[in-house]
Each structure stands twice: as C-alpha cells, then as structure tokens.
Amino acid sequence: SIAERQFSLNTTLGFLSARATGRRVVATFRLARAARVALRIETPGGAIVRTLPSRSIAPGDVSVSWRGRRGRYVFSVTATNSAGAVELATPFRLR
C-alpha cells in the first residue's frame, strides 16, 4: 500500500556555531525569517545554566556572547514563528 503525507520543513534557523576563547563564547546563527528567539546555555546533561531573555529578531545574521566558568556546555537556540518552532544546539568548552 502507499500512503501520501504532506509535511513542511521549517528553515527559519540555521548555521549555528559557537567559538570559545578563554572564558567567553560567541555564538552565531542565521534567521531566514523573523522569529521570537530563546537562547539557553546548558550542561551536556541538559541542566540549564543560563537563560537569556527571549526577543523578536529580524531576519539576518545574529551574534550573542556569554562569559562563564570553565567547563563544557551546550548553546541552544529556539526560533518560533508562524512556521512553528525549530531548535539547534552546539557544544563548546570554556577553558
């Protein structure tokens, strides 16, 4: 049997990267469409270390910096708009 299904791909958020220098990390990502963006710093186990205030951001390249303590972390970005929510995460290490 054959089943037809429709789906959509939300490409609002992309190209997330995090570069750490010493105890500071700069995360960059690109928004293809305007979205409400929530940013979190987490441990690799998922515990939230820091939540940055969510805000509406216009399409384009975005850069966010954070200064923390030594250790391994995950930078998580969630973008929500009329197309739905999409989340990307990337690990980084502060020395």
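Everything below is about the structure shown above.
Residues numbered from 1 in each chain as written. Predicted model: local features only at pLDDT ≥ 70, side-chain atom pairs only at ≥ 80, totals over all residues. Heavy atoms only, no water.

K.L.:
Any chance you could explain the nonpolar core here in plain terms?
P.N.:
Soluble globular proteins tend to pack their nonpolar side chains together in the buried interior. In terms of nonpolar packing, the biggest core is built from 23 residues, with Phe29, Leu31, Val37, Leu39, Phe75, Val77 and Phe92 touching the most fellow members. Secondary-structure elements contributing two or more residues to this core are β1 (13–21), β2 (24–31), β3 (35–42), β4 (48–57), β5 (60–67), β6 (71–81) and β7 (84–94). Those residues within four positions of Phe75 in sequence are excluded, and the remaining contacts are Leu16, Ala27, Leu39, Arg40, Ile41, Val64, Leu88, Ala89, Thr90 and Phe92. (Core = buried A, V, L, I, M, F, W, Y, C linked by side-chain atoms within 4.5 Å. Buried < 20%, exposed > 50% of the residue type's maximum accessible area, 1.4 Å probe, protein only. Helix = DSSP H or I, 4+ residues; strand = E, 2+ residues; numbered from the N terminus. Contact = heavy atoms within 4.5 Å.)

K.L.:
Mind showing me how you'd approach the sheet that holds β3 here?
P.N.:
Sheet strands pair by backbone hydrogen bonding; their relative direction is either parallel or antiparallel. The strand order across the open sheet formed by four strands is β4-β3-β6-β7, and the pairing between neighbours is antiparallel. With partners counted over all chains shown, the strands left at the sheet margins are β4 and β7, one partner each. With direction set aside, neighbouring strand axes in the sheet form an average angle of 15 degrees. As paired strands, β3 and β6 are joined by seven bridges and run antiparallel to one another. (Pairing = 2+ DSSP bridges. Axes fitted to C-alpha atoms, helices over the stretch in contact; angles between N-to-C directions.)

K.L.:
Teacher, can you tell me more about the sheet that holds β2 here?
P.N.:
One open sheet accounts for three strands, arranged β1-β2-β5; its pairing is antiparallel. The strands lining the two open edges of the sheet, one partner per strand, are β1 and β5. Across the sheet, the mean angle separating the axes of adjacent strands is 15 degrees when strand polarity is ignored. Of the strand pairs in this sheet, β1 and β2 are connected by seven bridges, and their pairing is antiparallel. By the bridge assignment for β2, Ala20 is matched with Val25.

K.L.:
Teacher, can you tell me more about the pattern of salt bridges here?
P.N.:
Where charged atoms from two side chains of opposite charge come close, those side chains can pair. If you walk through the whole model with that rule in mind, you get three salt bridges. In this structure, Arg40 and Glu42 form a salt bridge, with 2.8 Å as the shortest nitrogen-oxygen distance. You'll find Arg40 and Glu42 in the same group, each marked buried. By relative accessible area, which is 17% here, Arg40 ends up buried. (Salt bridge = Lys/Arg side-chain N within 4 Å of Asp/Glu carboxyl O.)

K.L.:
Would you explain the environment of Phe29 in this entry?
P.N.:
One can find Phe29 in strand β2. In this structure Phe29 comes out as buried when scored by relative accessible area, which is 2%. Taking the C-alpha atoms as reference points, Phe29 and Ala18, 11 residues apart in sequence, are found 9.0 Å from one another. Ignoring anything within four residues of it in the chain, the contact list for Phe29 reads Leu13, Gly14, Phe15, Leu16, Val37, Leu39, Gly60, Asp61, Val62, Val64 and Val77.

K.L.:
Mind showing me how you'd approach the side chain of Asn81 here?
P.N.:
If you trace the backbone, Asn81 turns up in strand β6. Within polar-contact distance, the side chain of Asn81 engages the side chain of Thr12 at 3.1 Å. A polar contact of 3.2 Å, which involves the side chain of Asn81, links it to the backbone oxygen of Ala34. Those residues in contact with Asn81, other than ones at most four positions away along the chain, are Asn10, Thr12, Arg33, Ala34 and Ala35. (Polar contact = N/O pair within 3.5 Å; in protein donor to acceptor, adjacent residues only side chain to side chain.)

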